[in-house]
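# A structural walkthrough
Spelled out, the chains give:
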Amino acid sequence: MSKELIRKQIADLVEQYSLLEFSEKVFVAGETSIPPAGKVLNSTELKMMVEASLDGWLTTGRFNSQFEQSLSKYLQIPYVLTTTSGSSANLLALTALTSPLLKERKLTPGDEVITVAAGFPTTVNPIIQNNLVPVFVDVDIPTYNIDTQLLEQAISNKTKAIMLAHTLGNPFNISEIQRIAKKYDLWVIEDCCDALGTTYDNKMVGTFGDIATLSFYPAHHITTGEGGALLTANPKLKRIIESFRDWGRDCYCPPGHDNTCKQRFDKKLGELPTGYDHKYIYSHLGYNLKFTDMQAACGLAQMQKIEGFVNARKENFKYLKDKLKHTTTDLILPEATPHSNPSWFGFPITIRPESEIKRVELLKYLDSCKVGTRLLFAGNITRQPYFQEVNYRIEGTLKNTDLIMNNTFWIGVYPGLTKAHLDFSAAAISTFLINHRKG
C-alpha cells in the first residue's frame, strides 16, 4: 500500500472521528455552560494537523510558510512572523526596538513607553523586562481604550514609544495616535491579540503601527493552540524581530536551509575570526520562540474560516447589544470607536457607579446560571501584587481604570455561541436586575 493511500485512509478516519467528536450539542437553558470564549474546530483542522504530524517535520516548515502567507494576504501587510504566543509576540516587538541596528532611535534603559493600566499584563511586561518605564494614561468608557485627549501631556523627553492593545477587539483612536507619534517621532506597537479582523477607516488593524502582534490562543479569533505572530511593513524591523526570535543569530536561513546569504564562511563580525560560520554568529541577545508546523497546520485550516468567524463575532455583538438595550439604567454598554468596525473579542459591561448593583453578586448569579464571565484582565495593573516593586509613572489619574477594576466584566460573543446562548445570557442579566430592584 502506498504512502499516499495510507494518508488518505487516515484522513477519512479523522473525518469520521470529527463528525462524532464535534457534532452540534443541544443547548439546554441553565444546564449547558456558555463560555465567554473558546475554539471552533472540525475535521479541517484535525486533518491538517495529522498531515503535518505525518511529515515528521517537528519544527517550523511548509505549513508555517503557507500560514504566514495566508495571514499576510488577509491583512495586506508584507511581513508576518509566527512565534510561540501573543505574549512572546509582544516581547519580541518591544525588544526589537532596543536593537543597536536602529542606531539613535533604539530604546535604551530608562526610556519611557506610553500604555494603559486597564489591560492584559503581557502588553505591559515587555516594557519592564527591557528596563524601560511604563507611563500609564487613563482610558475612555465605553470604548475601553486610551483617552487620547490625555495622551500628549504624558509625553516627556524620555518618551520613545507607544504600546497599546485594541481592547476586546475595539480599536483605539488610531488617527490620533498616528498624529502624535509622527509629531514626537515615537514608535507605535499595536497589540492586536484580541482584534484580528477589526478595521479602522476600512483598513485592517495591525497595519498602522511600526509593529503589530497577534495571539492564537484557543480563546482568540483563530487558534493554533498556543501561538502568536508579529506583523510589520518595515524590512529592517522584520530582520531584527527574526533575529531575536531565532536565538539572536545574524543568519536568516530557515530551518533545513544553509547559506541563503551566499557568504556563510566569508563574514567578519564582532571580534570573531574571519569566516566564522554565519549560522553561529549572534547579533542580538535572543531567544528560541519559533512556531511548530503542526500549530501552523491548525492555523492554516482556521484561516479558511476567518471571514465567517469575524462576521459571527460582529453579528453576535450586535444581537446581544440589542437584547440588553433596556438595561442602561444600571449598565454601561460598549461602543465602537468612531470610524471602526470591530471584530469583537467579548462584550464588555460596566455597572454604573451610581447603581446599587454589586459586580460580585451579579457574577455569582451568572455563574449559577452557567453563563461564563471574565474581568477586563488585570483591571488596574498598578494594583496587582507583582507591580508593587515596578518603576512606573502615571499621567494624571486612573479614575476610569479603577472603575473598570471594580465594576467591569465581559461575556462571550465568539462564533461557537448561537442565538439561544445569547438569549439566555441576556435574559439572565435582565432577571438579576429585575430581582435586585424588587428586593
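The rules we used
Residues numbered from 1 in each chain as written. Predicted model: local features only at pLDDT ≥ 70, side-chain atom pairs only at ≥ 80, totals over all residues. Heavy atoms only, no water. Helix = DSSP H or I, 4+ residues; strand = E, 2+ residues; numbered from the N terminus. Rg over C-alpha atoms; globule rule 2.2 N^0.38 Å. Buried < 20%, exposed > 50% of the residue type's maximum accessible area, 1.4 Å probe, protein only. Contact = heavy atoms within 4.5 Å. Areas by Shrake-Rupley, 256 points an atom, 1.4 Å probe, with all protein chains shown as cover. Lys, Arg positive; Asp, Glu negative; His and termini not counted. Charge placed at Lys NZ, Arg CZ, Asp CG, Glu CD. Pairing = 2+ DSSP bridges. Axes fitted to C-alpha atoms, helices over the stretch in contact; angles between N-to-C directions. Right-handed = clockwise from strand over helix to strand, strands pointing away. Salt bridge = Lys/Arg side-chain N within 4 Å of Asp/Glu carboxyl O. Parallel < 35°, antiparallel > 145°, perpendicular 65-115°, else oblique. Left-handed = near helix turned anticlockwise from the far one by under 90°. Nonpolar A, V, L, I, M, F, W, Y, C, P; charged D, E, K, R; others polar.

## Examining the overall build of the protein
Scanning the protein from terminus to terminus reveals 12 helices and 14 strands. A globule of 439 residues ought to have a C-alpha radius of gyration of about 22 Å, and the protein, at 23 Å, matches this closely. Expressed as lengths along the three principal axes of its C-alpha atoms, the size of the protein is roughly 80 × 70 × 40 Å. For the protein, the proportion of its 439 residues judged to be buried stands at 54%. Long-range pairs, those at least 24 residues apart, make up 73% of the contacts in the protein between residues at least 6 apart in sequence. When the accessible surface of the protein is summed, it comes to about 20,100 Å², and 53% of that surface belongs to carbon and sulfur atoms. On the protein, the mean spot of the 47 positive side-chain charges and the mean spot of the 46 negative ones are 2 Å from each other.

## Here's the deal with the sheet that holds strand β12 (residues 346-351)
An order of β10-β12-β14 is seen for the 3 strands of this open sheet, with the pairing classed as antiparallel. Each edge of the open sheet carries a strand with a single partner, namely β10 (331-332) and β14 (408-412). As defined by bridge partners, β12 adjoins β14 across 5 bridges and the pair is classed as antiparallel. By the bridge assignment, Ile349 is partnered in β14 with Phe409. Along the sheet, helix α12 (residues 419-438) makes contact with β10, β12 and β14, crossing β14 at roughly 150°.

## A look at the pairing of strand β2 (residues 112-115)
Judged by which residues are buried, β2 turns out to be covered on both faces: Glu112 and Ile114 on one side and Val113 and Thr115 on the other are all buried. Crossover β2 to strand β3 (residues 133-136) through helix α5 (residues 121-129) is right-handed. Here 3 bridges tie β2 to strand β4 (residues 159-165), and the two strands are oriented parallel to one another. Bridging across to β4, Glu112 finds its partner in Thr159.

## Some words on the environment of Ala89
Here Ala89 shows up in helix α4 (residues 86-96). Classification of Ala89 by relative accessible area gives buried; the value is 0%. Here the alpha-carbon distance between Ala89 and Leu231, two residues 142 residues apart in the chain, equals 9.4 Å. When neighbours within four sequence positions are excluded, Ala89 is seen to be in contact with Thr83, Thr213, Leu214, Ala229 and Leu230.

## Looking at unusual backbone geometry
Look at His339: it is not a glycine, yet its phi comes out positive at around 70°. Looking at the element boundaries, His339 is found in the loop between β10 and β11 (340-341). His339 gets classed as exposed once you look at its relative accessible area, which sits at 59%. Of note, Lys370 is a non-glycine position whose phi angle comes to about 65°, a positive value. Relative to the elements of secondary structure, Lys370 occurs in the loop between α10 (359-368) and β13 (393-394). With relative accessibility at 37%, the residue Lys370 sits in the partly exposed group.

## Some words on the pattern of salt bridges
Side-chain pairs of opposite charge can arise where the charged atoms are in close proximity. Tallied over the full model, the rule gives 22 salt bridges. The shortest N-O distance in the salt bridge between Arg105 and Asp185 comes to 3.5 Å. Here Arg105 is found in the loop between α4 and β2, whereas its partner Asp185 is found in the loop between α6 (174-184) and β5 (187-191), with 80 residues between them in sequence. Asp185 sits in the partly exposed class, given a relative accessible area of 49%. The shortest N-O distance in the salt bridge between Lys183 and Glu152 comes to 2.6 Å. One end of the pair, Lys183, is in helix α6; the other, Glu152, is in the loop between β3 and β4, and 31 residues separate them in sequence. Exposure remark for Lys183: the relative accessible area of 52% places this residue in the exposed category.

## Describing the packing of α4 against helix α7 (residues 235-245)
A pair of packed helices can be characterised by two numbers: the angle between their axes and the separation between those axes. Close contact between α4 and α7 brings their axes to 9 Å; oriented N to C, the two are set at 120°. Relative to α7, the element α4 is oriented oblique. The crossing of α4 and α7 is right-handed. Two secondary-structure elements touch here, α4 through Leu92, Thr95 and Ala96 and α7 through Ile240, Ile241, Phe244 and Arg245. Of the residues contributing to the contact of α4 with α7, the split by class is 5 nonpolar, 1 polar and 1 charged.

By themselves, these figures tell us nothing about what the structure is for.
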